[in-house]
Amino acid sequence: MIGTLCCGLYEHRSLQIENTGSQMYMTLSFAPRTEIMWSQNDEFMALAFFHSSIKFARNPSGAVDSLELHYGGDGKNIIKAIRKR
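The text that follows walks through the structure, step by step, so that each part is easy to find. (Residues numbered from 1 in each chain as written. Predicted model: local features only at pLDDT ≥ 70, side-chain atom pairs only at ≥ 80, totals over all residues. Heavy atoms only, no water.)

## Some details on unusual backbone geometry
Right, on to step 1. A positive phi angle is found at D42, which is not glycine, with a value near 60 degrees.
Right, on to step 2. Along the chain, D42 turns up in the loop between β4 (31-40) and β5 (43-46).
Right, on to step 3. By relative accessible area, D42 is classed as buried at 9%.
Right, on to step 4. Positive phi, close to 50 degrees, is recorded for H51, a residue that is not glycine.
Right, on to step 5. Mapped onto the secondary structure, H51 falls in the loop between β5 and β6 (52-58). (Helix = DSSP H or I, 4+ residues; strand = E, 2+ residues; numbered from the N terminus. Buried < 20%, exposed > 50% of the residue type's maximum accessible area, 1.4 Å probe, protein only.)

Shown next, in the form of structure tokens:
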């Protein structure tokens with residue numbers, strides 16, 4: 001399940017994705033914890049954080065290794081982050 005495969009810390013601005021049972025959350029160093037909801041394969045929505053979407057990227061072995069956080073709804077605001085090991 002993507003929920004457990006994508007959890008962890010990401011390198012940009014201390015971005016953290018966490019799974020607490022049936023809910024997933026995103027936390028940024030400059031923003032409070034925000035619930036994220038599954039949208040489609042490897043993509044989540046965080047509507048409470050500037051109508052954001054998160055797309056997780058996988059490496060050739062299928063492990064989640066990075067993400068793109070799109071926020072603001074205009075397609076111009078993107079945070080790219082590599083998953084910390």
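Now, onward.
## A short note on the sheet that holds strand β8 (residues 77-82)
In a beta sheet, neighbouring strands are held together by backbone hydrogen bonds and run either parallel or antiparallel to one another.
Right, on to step 1. Sheet architecture is open: eight strands sit in the order β1-β2-β3-β4-β5-β6-β7-β8, paired in antiparallel fashion. Of all strands in the sheet, those with a lone pairing partner are β1 (8-10) and β8, marking the two edges. Strand-to-strand, the axes of this sheet are offset by a mean angle of 25 degrees, without reference to chain direction.
Right, on to step 2. Note that β6 and strand β7 (residues 64-71) share six bridges and pair antiparallel. Each bridged residue has a counterpart across the sheet, and for F56 the counterpart in β7 is L67. (Pairing = 2+ DSSP bridges. Axes fitted to C-alpha atoms, helices over the stretch in contact; angles between N-to-C directions.)

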